[in-house]
Amino acid sequence: MLVLGRWARSVAPLMSRITAALFGGYALAALASVAAVALPISRSEAVLTGMLASFAVYAGAVVWVFAVRSAWRAWAGLLAAALPLGLAAWSVWAS
């Protein structure tokens, strides 16, 4: 039983980072894609810009998640990046 506890303590942060990279990165990329429509350019250019930027945002989020010291910082960084993008996306969704 003690071995299982040690294993869970060592694997849980890694699983949290993998979850943050997969789902948090996807959510961040989706918010960036929608937030790009709020840019002061034509709608078709904004959609293309958002689509292309989402690939860079997703890759950056994955790198960020595994570059920081702890899983808590990884989640906090994703949340900090998602707040302004969420506000910009909300302005698009509200209009």
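Just so you know, these numbers come straight off a predicted model, no measurement behind them.

Peer 1: Give me the lowdown on the overall build of the protein chain, citing residues and values where you can.
Peer 2: Tallying secondary structure elements over the protein chain gives 3 helices and 0 strands in all. The C-alpha radius of gyration computed for the protein chain amounts to 16 Å, which surpasses the reference 12 Å derived for 95 residues by more than 25%, pointing to a less compact arrangement than a globule. C-alpha extents for the protein chain along the principal axes are approximately 60 × 20 × 20 Å. Within the span of the protein chain, comprising 95 residues, buried residues form 25% of the whole. Put simply, of all contacts in the protein chain between residues at least 6 apart along the chain, 72% involve residues at least 24 apart.

Peer 1: Account for the nonpolar core, with residues named and values stated.
Peer 2: In terms of nonpolar packing, the biggest core is built from 11 residues, these being Ala20, Ala21, Leu28, Leu31, Ala61, Val65, Val68, Ala74, Leu78, Ala82 and Ala89. Elements with a minimum of two residues in this core: α1 (2-35), α2 (43-67) and α3 (71-94). If sequence neighbours within four positions are ignored, Leu31 has contacts with Ala82, Leu85, Gly86, Ala89 and Trp93.

Peer 1: Explain α3 to me, using residue names and the numbers behind them.
Peer 2: For α3, spanning 24 residues, the distance from its first C-alpha to its last is 33 Å, which sits close to the expected 34 Å at 1.5 Å a residue. Along its length, α3 shows its largest kink, about 30 degrees, at Leu83, and proline Pro84 lies within four residues downstream of that point. Turning to α3, its buried residues number three or more, namely Ala71, Ala74, Leu78, Ala82, Ala89 and Val92.

Peer 1: Please set out the side chain of Ser54 residue by residue, giving values where relevant.
Peer 2: The topology assignment puts Ser54 in helix α2. Taking the relative accessible area as the measure of exposure, Ser54 reaches 14% and is therefore buried.

Peer 1: Run through a nonpolar patch on the surface, naming residues and quoting values.
Peer 2: Taken together, the side chains of Leu14, Met15, Ile18, Leu22, Phe23 and Phe66 define a hydrophobic patch exposed on the protein surface, amounting to about 590 Å² of accessible area. Along the chain, Leu14 falls in helix α1.

Criteria and thresholds
Residues numbered from 1 in each chain as written. Predicted model: local features only at pLDDT ≥ 70, side-chain atom pairs only at ≥ 80, totals over all residues. Heavy atoms only, no water. Helix = DSSP H or I, 4+ residues; strand = E, 2+ residues; numbered from the N terminus. Rg over C-alpha atoms; globule rule 2.2 N^0.38 Å. Buried < 20%, exposed > 50% of the residue type's maximum accessible area, 1.4 Å probe, protein only. Contact = heavy atoms within 4.5 Å. Core = buried A, V, L, I, M, F, W, Y, C linked by side-chain atoms within 4.5 Å. Expected span 1.5 Å × (residues − 1). Bend = angle between axes of the 7 residues up to and from the residue. Patch = residues over 30% accessible without salt bridge, like charges linked within 9 Å, V, L, I, M, F, W, Y side chains within 5 Å. Areas by Shrake-Rupley, 256 points an atom, 1.4 Å probe, with all protein chains shown as cover. Salt bridge = Lys/Arg side-chain N within 4 Å of Asp/Glu carboxyl O.

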